[in-house]
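Remarks on the overall topology
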Amino acid sequence: MRSLFIAGNWKMNPGTAEAAVALAEAVKSGVGAAADVRVAVCPPSVYLHRVDQVLEGSPIGLGGQNMYWKTEGAYTGELSGAMLVDAGCTHVILGHSERRHGMGETDAQVNAKLHSAFGVQLIPIVCIGETQDERAAGQTEDVLQGQLVGSLAGLSPEQMAGVVLAYEPVWAIGTGLTATPEQAQDAHAFIRAWLSNEFGAATAARVVVQYGGSVKPDNAGDLLARPDIDGALVGGASLKAADFLGIITAARSVAAKGKD
Ligand code: PGA
């Protein structure tokens, strides 16, 4: 059985290192030592060192929000995977829709970053998802398939099993609109079937697929109870410790009860 995995994507928040430390401290004390649900936080890179110090002794993972595929050199403004590891990271988010749509990141670039992340043993969280227009035009599965094919090219089944995917419908991110548990489960089932086809059923069964898009304490339980939804990538609600911990509590109760 796949463990549920709740990750907080802090994006370009909070505004100071002190506030980042305070948020990390509150999350650490709320999560405690139990490892029944996997948890990670992904702060802005300038706070990684400080947050890593706070998280010492806790099972909470630390993630970067992006990385470059080159290992070193004249790439102004970029960070390598090895730098993230040096700052304490265990995870890295790749291909978030705000980077795909806001910064023009392509599937090929996401794929290059993914291979580079494997080179330094970072656990990648690869984001995919359709826009509102694509969903309305009935293209959701085509878009997801295109992103899966392009972003995951050249992986062995063993590497694939170590990738975390995040299905994040773009129209649900930061909008307060959440995919219904049925819509999300349908997309996750499609992703799992594609994985099974490409990498085999045993590998597909091991891949953790998070849902992201306006996950809150009051909708997390219903989403996480679905068979193919293995966690959440949380933006806005990860900035308030009480909300993020509420989502983790919902995940713990699904983990204890089992799936619907
Ligand atoms: P949201 O963001 O929870 O604020 O919708 C999710 C994400 O972008 O990962």
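Check the entry above for the structure.
Everything in this summary refers to the structure shown in the same document. (Residues numbered from 1 in each chain as written. Predicted model: local features only at pLDDT ≥ 70, side-chain atom pairs only at ≥ 80, totals over all residues. Heavy atoms only, no water.)

**A word on the overall build of the chain**
- Secondary structure summary: the chain contains 12 helices and 8 strands in total.
- Taking 18 Å as the expected radius of gyration for a compact globule of 260 residues, we find that the chain reaches 17 Å, a close match to that expectation.
- Projected onto its principal axes, the C-alpha positions of the chain cover 45 × 45 × 35 Å.
- Burial statistics for the chain: of 260 residues in total, 52% are counted as buried.
- When contacts within the chain are restricted to residue pairs at least 6 apart in sequence, long-range pairs at least 24 apart make up 74% of them.
- Surface exposure of the chain reaches about 10900 Å², of which carbon and sulfur atoms provide 52%.
- Here the chain holds 18 positive side-chain charges and 27 negative ones, and the gap between their average locations is 3 Å. (Helix = DSSP H or I, 4+ residues; strand = E, 2+ residues; numbered from the N terminus. Rg over C-alpha atoms; globule rule 2.2 N^0.38 Å. Buried < 20%, exposed > 50% of the residue type's maximum accessible area, 1.4 Å probe, protein only. Contact = heavy atoms within 4.5 Å. Areas by Shrake-Rupley, 256 points an atom, 1.4 Å probe, with all protein chains shown as cover. Lys, Arg positive; Asp, Glu negative; His and termini not counted. Charge placed at Lys NZ, Arg CZ, Asp CG, Glu CD.)

**Considering the site of the ligand**
- Taken together, 13 residues form the shell around the ligand, and within it Lys11, His96, Glu168, Gly174 and Ser214 come nearest.
- Residue Glu168 places a side-chain N or O atom 2.7 Å away from an oxygen atom belonging to the ligand.
- Between an oxygen atom of the ligand and a main-chain N or O atom of Gly236, the distance comes to 2.8 Å.
- In isolation the ligand offers 280 Å² of accessible surface; the protein chains occlude 97% of this area.
- Looking at the shell around the ligand residue by residue, the classes come out as 4 nonpolar, 7 polar and 2 charged. (Near = heavy atom within 4 Å. Polar contact = N/O pair within 3.5 Å; in protein donor to acceptor, adjacent residues only side chain to side chain. Nonpolar A, V, L, I, M, F, W, Y, C, P; charged D, E, K, R; others polar.)

**Side note on the sheet that holds strand E3 (residues 61-64)**
- If you trace the 8 strands once around the closed barrel, you get E1-E2-E3-E4-E5-E6-E7-E8, paired in parallel fashion. Averaged over all neighbouring strand pairs, the angle between strand axes comes to 25 degrees, with direction disregarded.
- Relative to strand E5 (residues 123-128), strand E4 (residues 91-94) runs parallel, the two sharing 4 bridges. Within E5, the position partnered with Leu94 by the bridge is Val126. (Pairing = 2+ DSSP bridges. Axes fitted to C-alpha atoms, helices over the stretch in contact; angles between N-to-C directions.)

**Let's talk about the side chain of Asp230**
- Secondary-structure assignment places Asp230 in the loop between helix H11 (217-224) and strand E8 (231-234).
- At 2.8 Å, the side chain of Asp230 and the side chain of Arg192 are in polar contact.
- When neighbours within four sequence positions are excluded, Asp230 is seen to be in contact with Arg2, Ser3, Leu4, Phe5, Arg192, Val207, Val208 and Val209.

**Section: the nonpolar core**
- Within the largest apolar cluster, 71 residues are counted, with the highest numbers of intra-cluster contacts made by Ile6, Leu152, Leu165 and Leu195.
- At 8 residues, helix H12 (residues 241-257) tops the list of elements feeding residues into this core.
- Apart from residues no more than four positions distant in its own chain, Leu195 is found in contact with Leu152, Met160, Leu165, Gly200, Ala204 and Val207.
- Counting residues in hydrophobic clusters, the runner-up holds 11 residues, among them Ala7, Ala40, Cys127 and Ala166. (Core = buried A, V, L, I, M, F, W, Y, C linked by side-chain atoms within 4.5 Å.)

**Observations concerning the packing of helix H1 (residues 17-31) against helix H2 (residues 48-55)**
- Where H1 meets H2, the axes come as close as 9 Å, and the angle between the chain directions of the two elements is 30 degrees. Judged by the angle between their axes, H1 and H2 are roughly parallel. Helix-helix and strand crossings are classified by hand; for H1 and H2 the assignment is right-handed. From H1, Ala17, Glu18, Ala20, Val21, Ala24, Glu25 and Lys28 reach across to H2, where they touch Arg50, Val51, Val54 and Leu55.
- Of the residues contributing to the contact of H1 with H2, the split by class is 7 nonpolar, no polar and 4 charged. (Parallel < 35°, antiparallel > 145°, perpendicular 65-115°, else oblique. Left-handed = near helix turned anticlockwise from the far one by under 90°.)

**With respect to unusual backbone geometry**
- Here the amide bond leading from Asn13 into Pro14 is cis, since omega sits at -15 degrees, within 30 degrees of zero.
- Within the secondary structure, Pro14 sits in the loop between strand E1 (5-9) and H1.
- Despite not being glycine, Lys11 shows a phi value in the positive range, around 55 degrees.
- Take Lys11: it is sitting in the loop between E1 and H1.
- Not every positive phi belongs to a glycine, and Gln121 is a case in point at roughly 60 degrees.
- As for its placement among the helices and strands, Gln121 is situated in the loop between helix H5 (107-119) and E5.
- In this structure Gln121 comes out as exposed when scored by relative accessible area, which is 66%.

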